Amino acid sequence: MVIRKLKQKKILNTKVILWFLILCLWVYFLIRLVIGIFSRFSHIPQTEMPTLWASLTFSGRISVDNNFPNYTHSLIDIHGNKIWLKSSTINLNSYKDTKIEIVGNVKKYFKTTPILEVNTIKLPDQNVIITSNKYFFVKDLVYLDFSAQPQLSAIKSWNDIQVLFNDAPVVNIERFVCSKILKSRNCTYLITDYVNNNKDSFESYRWYTFYKHGTGFWTTFDDNMFGFMFKNISDDMVLDISNMFRIVNKDFIIKNKLDLIQSNCKNDTTQLRSIDSEGSLVYEDPYMLNLLLNGTDKKNNPVTCRITFDARNNWNVKDVEFSNK
């Protein structure tokens, strides 16, 4: 009797284990089936999912799609892929329903959809690149650094750049060609006129000289061709804005892209080593900046380099013409 009971108990335990294994297999295949179905209908298949912190670029329109703190907005790109967005440096609400290009890093996944921490926005209709509340108006060759002032922002308004404080306008900035203001006159003529008429002036933190043109109007100049008019601005505000305002000229690019210049301005026999004061920067629609430099190589021989940057794509070098005389 005891032996029979032990055998029955052993058979019972074997059946329980067998059914348990069958149940586990059933659950496993059910989960795989669900994941497969979900992945099939997901916008981004699992096999194409980027790794965490990968840098991604998408084009489309931003919509408010709040699931804070996971994400605040979403974007469906031209291929129908859905991406959830958030940003600690850019107010995404300012660009909802706007045709834009975004660049960001995959912070995490919510289910199988990536959440992008947006760090750069590009507005193709305005030729504007915004990174961490720093605004580069490519066509106007103006750079505004509002990274320390999150209340400030900027937009393109007709021919002007409009600076906003908590969405309220504080100044319009207009770039102009000096020779179009007075025929056959360059910027030196206008500067001399300001000086001769004892106009108020000051030098900014960036070493630009600002001249008071009239009540609510101030002007500064880039070399001898272009001027920048600050319109409808108080004297106190122009002092603050002047420290955040940069002119994107030859000196600006040399300072910020010297490594790229030196690594590309060369040929098989020599390389650009020093840069003289002569040179120019020309904007080419829509995002190309053509920089012409004169200088010398390591043997102090004169050289010339014309280098073209693609400002929209991380300042990639698109073309180089290098010659030694």
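Residues numbered from 1 in each chain as written. Predicted model: local features only at pLDDT ≥ 70, side-chain atom pairs only at ≥ 80, totals over all residues. Heavy atoms only, no water.

S.K.: Would you explain the side chain of Thr-296 in this entry?
M.R.: By secondary structure assignment, the location of Thr-296 is in strand 18 (residues 288-296). For Thr-296, the side chain forms a polar contact with the side chain of Ser-274, separated by 2.4 Å. (Helix = DSSP H or I, 4+ residues; strand = E, 2+ residues; numbered from the N terminus. Polar contact = N/O pair within 3.5 Å; in protein donor to acceptor, adjacent residues only side chain to side chain.)

S.K.: What should I look at first to understand the confidence of the model for the protein in this one?
M.R.: Any residue range with low pLDDT should be treated as having predicted coordinates unsuitable for detailed reading. When the pLDDT values of the protein are averaged, the result is 86; 87% of them are 70 or greater. Note on residues 37-47: pLDDT under 50 across the span, and twelve contacts to partners over four residues away in sequence or across chains. (pLDDT = per-residue confidence, 0-100. Contact = heavy atoms within 4.5 Å.)

S.K.: Explanation requested: the sheet that holds strand 20 (residues 316-324) in the structure shown.
M.R.: Strands pair in a sheet through their backbones, by hydrogen bonds, and they do so in one of two ways: parallel or antiparallel. Strand order in this open sheet of four strands is 17-18-19-20, and the pairing throughout is antiparallel. Unpaired on one side and paired on the other, strand 17 (274-284) and strand 20 mark the two borders of the sheet. For this sheet, the mean inter-axis angle between neighbouring strands, taken without regard to orientation, is 15°. Where strand 18 and strand 19 (residues 302-310) come together, nine bridges link them in antiparallel fashion. Its bridge partner being in strand 19, Met-288 is matched across the sheet by Asp-310. (Pairing = 2+ DSSP bridges. Axes fitted to C-alpha atoms, helices over the stretch in contact; angles between N-to-C directions.)

S.K.: Would you explain the state of the cysteines in this entry?
M.R.: Defined simply, a disulfide is a covalent bond joining two cysteines at their sulfur atoms. Going through the model one piece at a time under the given rule, you end up with two disulfides. Cys-178 shares a disulfide with Cys-187; S-S distance 1.9 Å. Handedness here is read from the sign of the S-S torsion; for Cys-178 and Cys-187, about 90°, the answer is right-handed. By relative accessible area, Cys-178 is classed as buried at 1%. Here Cys-265 engages in a disulfide with Cys-305; their sulfurs sit 2.0 Å apart. Judged by the sign of its S-S torsion, about -75°, the cystine formed by Cys-265 and Cys-305 is left-handed. Separated by 40 residues along the polypeptide, Cys-265 in the loop between helix 6 (258-264) and strand 17 and Cys-305 in strand 19 bring together distant segments of the chain. Should the bonded cysteines of the protein be numbered as they appear in the sequence, the pairing reads 1-2, 3-4. (Disulfide = S-S within 2.5 Å. Buried < 20%, exposed > 50% of the residue type's maximum accessible area, 1.4 Å probe, protein only.)

S.K.: Is there a simple way to think about the pattern of salt bridges in this case?
M.R.: A side chain with one charge can pair with a side chain of the opposite charge if their charged atoms come near. One pass over the full model with this rule turns up nine salt bridges. A salt bridge links Glu-101 to Arg-312; the nearest nitrogen and oxygen atoms lie 2.6 Å apart. Of this pair, Glu-101 sits in strand 4 (residues 99-110) while Arg-312 sits in the loop between strand 19 and strand 20, placing them 211 residues apart in sequence. Asp-235 is the salt-bridge partner of Lys-212, the closest N and O atoms lying 3.2 Å from each other. Here Lys-212 is found in strand 13 (residues 209-214), whereas its partner Asp-235 is found in helix 4 (residues 235-242), with 23 residues between them in sequence. Its relative accessible area of 35% is what places Asp-235 among the partly exposed residues. Here the residues in one salt-bridge network are Glu-101, Lys-122 and Arg-312, joined through shared partners. (Salt bridge = Lys/Arg side-chain N within 4 Å of Asp/Glu carboxyl O.)

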